[in-house]
Amino acid sequence: MEEAKQIVIDIQKGNIKPVYFLMGEEAYYIDKIAEYIEEKVLAEEEKSFNQMVLYGRDVTIDDIVANAKRYPMMAERQVVIVKEAQDLSRTIEKLAPYIENPQPSTVLVICYKYKKIDKRKKLYKVTAKNGVMYESKKLYENQVADWIRRVLAGKKYSITPKAAQMLVEFLGTNLSKINNELEKLQLILPKGSEITPILIEENIGISKDYNNFELRKAIGDRDVVKAFRIITYFAENPKDNPTVVTVSLLFNFFSQLLQYHGLLDQTPRNVASILRINPYFVKEYQAAARNYPMKKVSGIIATLREMDVKSKGVGASNLPNGDLLKELLVRIMN
C-alpha cells in the first residue's frame, strides 16, 4: 500500500517515468495506479489525441511498441495503457528492447495482473532501471481487516472490528470486491460515520448473527445452542455458507488456539502480535483456551482435517454438508 501511494505522490510532484510495469496477484492496486495515470497525467483536452488504452488479448508487442514510439500531438507527452497484459505472457520479454531505450515523451503503463515476470530476465532489470517496476502482493487474511480500516480512515469513515471481520470472512481477500462493497456504503453514509455489523447486514446482505465469525465465537464460548442454530442456518443456505470455508476458518482458529496455549507470555498485546489478530479479539482466544485445553485442541484439529477431506467428497458417502457440520460440532463440543 505504501509503495503504491509513493508512486502516486511522485506523479503528483511531476516525477513521471516513461514506463510503469504493474504486476502481481492483487489486482486492486494495479487498477488504482493505472486509473490514476489515466485520469491525471494528461489534461482533459489532451486525452483524445494522446491517450490510448490497449488490451493484451487484442494486440501484439509490436503494436504496443509502435504506439509507444509515436510523438504526442500538441502536448508534452502521451499515455499508452495496456490492460490485461498477462494475455501477452508468452511474448512479454520482447518489450525489453523498447524499455531499454524508451520514448521520453510516452508514459507506457503495463497492467500485468495475477502473474509476475521473471526477475532474473532482462525485462525486469531494464524496467527497474528506466521506469517503475511495481509488484502488487496479495494480502494475508489477517492483514485485510487492518487494510479496510486504513482505507476507510483515509475517506473519513471508521468501522468496528467485528464489521471488518465480517467483510473478510464473507468476501475473502479480494480487495477490489471488498472496496466495491465499501463504496456502496459510502454512497449512503455521511462522512464521519462508523460502519457497524447492522449496516453491513442491511446494505450488503451479510447476516450479523449467522456467519462464520459468530460460529467461531459460539464454539469458543461452548455456547451449544447458538452454535447449532448457526450450523442449521448454514445447512439451509449452503450457497452462501460453503462448508469448506467454514472448516478452513475453524481450522485456522484452533491452530491459533494451540499456538496460544504454547505462549509463555499471554498478555493481550503479545497474543495479538504473535497470533496476528486485532487486540479486540484476544478475549475470545482467552475464553476458548479456558474451554478447550491443549490436548482437546489437538484432537479438534485432527477432526477438522478429517472433515475437510469429507467436505470435498472423499469418504463421506454423499453425506449432506449440513450433516457434516452437525457431526463436526458434536465432536468439537464433546
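So, how was this worked out
- Residues numbered from 1 in each chain as written.
- Predicted model: local features only at pLDDT ≥ 70, side-chain atom pairs only at ≥ 80, totals over all residues.
- Heavy atoms only, no water.
- Helix = DSSP H or I, 4+ residues; strand = E, 2+ residues; numbered from the N terminus.
- Polar contact = N/O pair within 3.5 Å; in protein donor to acceptor, adjacent residues only side chain to side chain.
- Domains from an automatic or database assignment.
- Contact = heavy atoms within 4.5 Å.
- Buried area = accessible area lost by both parts, 1.4 Å probe.
- Salt bridge = Lys/Arg side-chain N within 4 Å of Asp/Glu carboxyl O.
- UniProt positions renumbered as here; feature names shortened; annotations may be inferred.

Colleague: For the side chain of asparagine 212, give the residues involved together with the corresponding values.
Modeller: Structurally, asparagine 212 is set in helix α11 (residues 212-220). Of note is the side chain of asparagine 212, whose polar atom sits 2.8 Å from the side chain of threonine 246.

Colleague: Can you explain the domain arrangement of the protein chain? Please cite residues and give values.
Modeller: Taken domain by domain, the protein chain comprises domain 1 (1-135), domain 2 (141-204) and domain 3 (212-333). The straight-line distance from the C-alpha centre of domain 1 to that of domain 2 is 30 Å. Tallying the contact residues gives seven residues for domain 1 and eight residues for domain 2. When the buried area of domain 1 at its contact with domain 2 is split by residue, Met1, Glu26 and Tyr28 rank highest and sum to 76% of it. Along the contact surface separating domain 1 from domain 2 lie zero salt bridges. On inspection of domain 1 and its partner domain 2, the count reaches one residue pair in polar contact (both at pLDDT 80 or more).

Colleague: Give a detailed account of the UniProt feature "domain: DNA polymerase III delta subunit-like C-terminal" (unreviewed entry) in the protein chain, specifying residues and quantitative values.
Modeller: As annotated in UniProt, the feature "domain: DNA polymerase III delta subunit-like C-terminal" (unreviewed entry) corresponds to residues 211-312 in the numbering used here. Helix makes up 75% of residues 211-312 and strand 0%, whereas the separation of the span's terminal C-alpha atoms amounts to 21 Å.

Colleague: Which residues make up unusual backbone geometry, and what are the values?
Modeller: A positive phi angle is found at arginine 222, which is not glycine, with a value near 55°. Structurally, arginine 222 can be placed in the loop between α11 and α12 (224-236). In this model, arginine 276 sits at a positive phi of 55°, which is unusual for a non-glycine residue. Checked against the element boundaries, arginine 276 lands in the loop between α14 (268-275) and α15 (282-291).

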